[in-house]
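Structural overview
What follows is each chain in one-letter form.
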Amino acid sequence: MKVNDSSSILTFEQRSIPQKELKRIGVTHDIHDIERHVVKINGKYYYSKVCTNKELINELIGTYLCKLVGLDVVDYQIGRLANCDSSNNYYALSEIFYRNNYFYSTVRDYFDMIPDDTKVYSEGIDSLFNCETSVLDMVSDKKLEEAVLKMSSVDIKMGQIDRHNYNVMLRLAMNGKVELEKLYDFGCAYDDDPPYPEFYCYDNPFLIVRKNFISLNRLAARYPYIIKSAKLLSEVPLYDVLKEIEKRFSIYIEDKDIPGYLVMDKEFSKVLRKIR
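These notes cover the structure that comes with them. Small disclaimer: the values here were computed from a predicted structure and weren't measured.

Quick notes on the sheet that holds strand β8 (residues 131-132)
Hydrogen bonds between backbone atoms are what pair the strands of a sheet, whose relative direction is either parallel or antiparallel. The strand order across the open sheet built from three strands is β8-β12-β11, with neighbouring strands paired in antiparallel fashion. Two strands lie at the open edges of the sheet, namely β8 and β11 (201-204), each paired on one side alone. Where β11 meets strand β12 (residues 207-210), four bridges bridge the pair, whose relative direction is antiparallel. Bridge pairing in β12 places asparagine 204 opposite leucine 207. Contacts between helix α5 (residues 142-158) and the sheet are confined to β11 and β12, with β11 contributing the most and set at about 140 degrees to the helix.

Details of the nonpolar core
Of all hydrophobic cores here, the largest spans 79 residues; its most connected members are Ile61, Leu65, Leu170, Leu180, Tyr190 and Phe206. Ranked by the residues each element gives to this core, the list is headed by α5, at eight residues. Setting aside chain neighbours within four positions, we find leucine 180 in contact with Leu71, Leu144, Ala147, Met151, Val168, Met169, Leu170, Arg171 and Phe206. Residues Leu10, Tyr46, Tyr91 and Leu93 belong to the second largest nonpolar core, which totals seven residues.

Considerations on helix α9 (residues 258-273)
Taking 1.5 Å per residue, 16 residues should reach 22 Å; α9 reaches 22 Å between its end C-alpha atoms and fits that length. Considered for burial, the residues of α9 that qualify are Ile258, Tyr261, Met264, Asp265, Phe268, Ser269, Val271 and Leu272. Looking straight down α9, one finds that the buried residues subtend no more than 145 degrees of arc, so they occupy a single side. Of the exposed residues in α9, those oriented more than 90 degrees away from the buried face are Val263 and Lys266. Looking at the buried residues of α9, the elements they touch are α2 (53-68), α5, α6 (213-222), α7 (226-234) and α8 (238-249).

Structural notes on the layout of surface pockets
There is about 340 Å³ of room inside the largest pocket. Lining the largest pocket we find 15 residues, and of these Phe199, Lys211, Glu267, Phe268 and Val271 sit closest to its centre.

Quick word on α8
Turn by turn, an α-helix covers 3.6 residues, leaving residues three or four places apart pointing in a common direction. Its 12 residues place the ends of α8 16 Å apart at the C-alpha level, agreeing with the 16 Å of an ideal helix rising 1.5 Å per residue. Listed as buried for α8 are Leu238, Val241, Leu242, Ile245, Glu246 and Phe249. Take α8 and look down its axis: the buried residues cluster within an arc of 140 degrees, on one side only. Of the surrounding secondary structure, the elements contacted by the buried residues of α8 are α2, β5 (76-81), β13 (251-252) and α9.

Thoughts on the sheet that holds strand β3 (residues 38-41)
Spatially, the five strands line up as an open sheet ordered β2-β5-β6-β4-β3, and their pairing is mixed. In the strand order of this sheet, the two ends are held by β2 (10-12) and β3, each with one partner. Here the average twist between neighbouring strands, direction ignored, is 45 degrees. For β2 and β5, the ladder comprises three bridges, and the chain directions are parallel. When the bridges of β5 are listed, leucine 10 appears paired with glycine 79. Contacting β4 (44-51), β5 and β6 (90-95), α2 runs over the sheet at an angle of about 125 degrees to β4.

A word on the environment of arginine 15
When you line up the elements, arginine 15 lands in the loop between β2 and α1 (19-24). Each C-alpha atom of the pair arginine 15 and arginine 36 lies 9.4 Å from the other, and the pair is 21 residues apart in sequence.

Structural notes on the side chain of glutamate 21
Turning to its location among the elements, glutamate 21 is positioned in helix α1. Residue classification places glutamate 21 among the buried residues on the basis of a relative accessible area of 18%. Reaching out from glutamate 21, the side chain makes a polar contact with the side chain of lysine 40 at a distance of 3.1 Å. Looking at glutamate 21, its side chain comes within polar contact range of the side chain of tyrosine 45, at 2.3 Å.

Thoughts on the packing of α2 against α8
Running from amino to carboxyl end, α2 crosses α8 at an angle of 105 degrees, the nearest separation of the two axes being 10 Å. Here α8 runs roughly perpendicular to α2, going by the angle between their axes. Mapping the contact onto sequence places Ile57, Leu60, Ile61, Tyr64 and Leu65 in α2 and Leu238, Val241, Leu242, Glu244, Ile245, Arg248 and Phe249 in α8. Residue composition of the contact of α2 with α8, grouped by class: 10 nonpolar, no polar and two charged.

A closer look at the pattern of salt bridges
Opposite charge on two side chains allows them to pair when their charged atoms are near. Applying the stated criterion across every chain, the model contains 19 salt bridges. Where glutamate 59 meets lysine 49, a salt bridge forms, and the shortest distance between an N and an O atom there is 2.7 Å. Here the residue glutamate 59 occupies a position in helix α2, and lysine 49 occupies one in strand β4, the gap between them amounting to 10 residues. Among the residues examined, glutamate 59 registers a relative accessible area of 0% and is labelled buried. Note that glutamate 246 is salt-bridged to lysine 243, the shortest N-O span being 3.1 Å. In this pair, glutamate 246 and lysine 243 both sit in helix α8, three residues apart, roughly one turn of the helix.

Parameters at a glance
Residues numbered from 1 in each chain as written. Predicted model: local features only at pLDDT ≥ 70, side-chain atom pairs only at ≥ 80, totals over all residues. Heavy atoms only, no water. Pairing = 2+ DSSP bridges. Helix = DSSP H or I, 4+ residues; strand = E, 2+ residues; numbered from the N terminus. Contact = heavy atoms within 4.5 Å. Axes fitted to C-alpha atoms, helices over the stretch in contact; angles between N-to-C directions. Core = buried A, V, L, I, M, F, W, Y, C linked by side-chain atoms within 4.5 Å. Buried < 20%, exposed > 50% of the residue type's maximum accessible area, 1.4 Å probe, protein only. Expected span 1.5 Å × (residues − 1). Arc of directions from axis to C-beta. 1 Å grid on protein atoms, 1.4 Å probe; cavity = no way out; pocket = protein on both sides within 12 Å on 5 of 7 lines; lining within 4 Å. Points joined across faces, edges and corners; volume = space filled by probe spheres on them. Polar contact = N/O pair within 3.5 Å; in protein donor to acceptor, adjacent residues only side chain to side chain. Parallel < 35°, antiparallel > 145°, perpendicular 65-115°, else oblique. Nonpolar A, V, L, I, M, F, W, Y, C, P; charged D, E, K, R; others polar. Salt bridge = Lys/Arg side-chain N within 4 Å of Asp/Glu carboxyl O.

Read these as layout, nothing more, since geometry by itself doesn't imply function.
Given below as structure tokens:
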């Protein structure tokens, strides 16, 4: 990846921000220790994540696909440390979205998942046609349920292998309403040699499903809303997405990297087409 217009890159100095200042903008130790990643640029606060070139491209693909299905997602900008000459030290920057009048929770903390969740996971991957939705079954809000299913479709489209408990946050309002906070973290995707069991399964804190026809159809039978987003994303040409990202962020994705993306996208889209 190359940057065509360096003026579009946000530069910053990696200074620690005082705890008092972080607390004022709603960042506390309760929110999975993100304070060490917060930077301030021109009076705005950003969450910063250092990325390889591929990880950064994946982050941009993820936000693009989320917007296609109407899923709330962070708006990334590309950043770099001031006075850093390395072409491989880019950062994905997203404005801090935490708000002081809301409480934030991980999925497992909120739904009080059974303590031995590793047992649930191991049983899920060992059963050939398993579709484990015990946590999603606890969701009573239709909007939250639909957001989780859209997220699952995007992750499957990308071959996401890192949608763990701290890569999904719930936003709890004072009136008790629970929503999926803006989605983030798409870097671990488009891996041509994923570890077992991620090659065979997709999981997030709400569900585990094997990537075979029977398991995916069990998911669709129980939650038919996923069929719409799965169909839409299976028909999205990744080549067009990459070209749109190049134009939007003034970057150049090297020709040698594109075929690998397209091969994996073909396989991941096949998985989505099994959801019907």
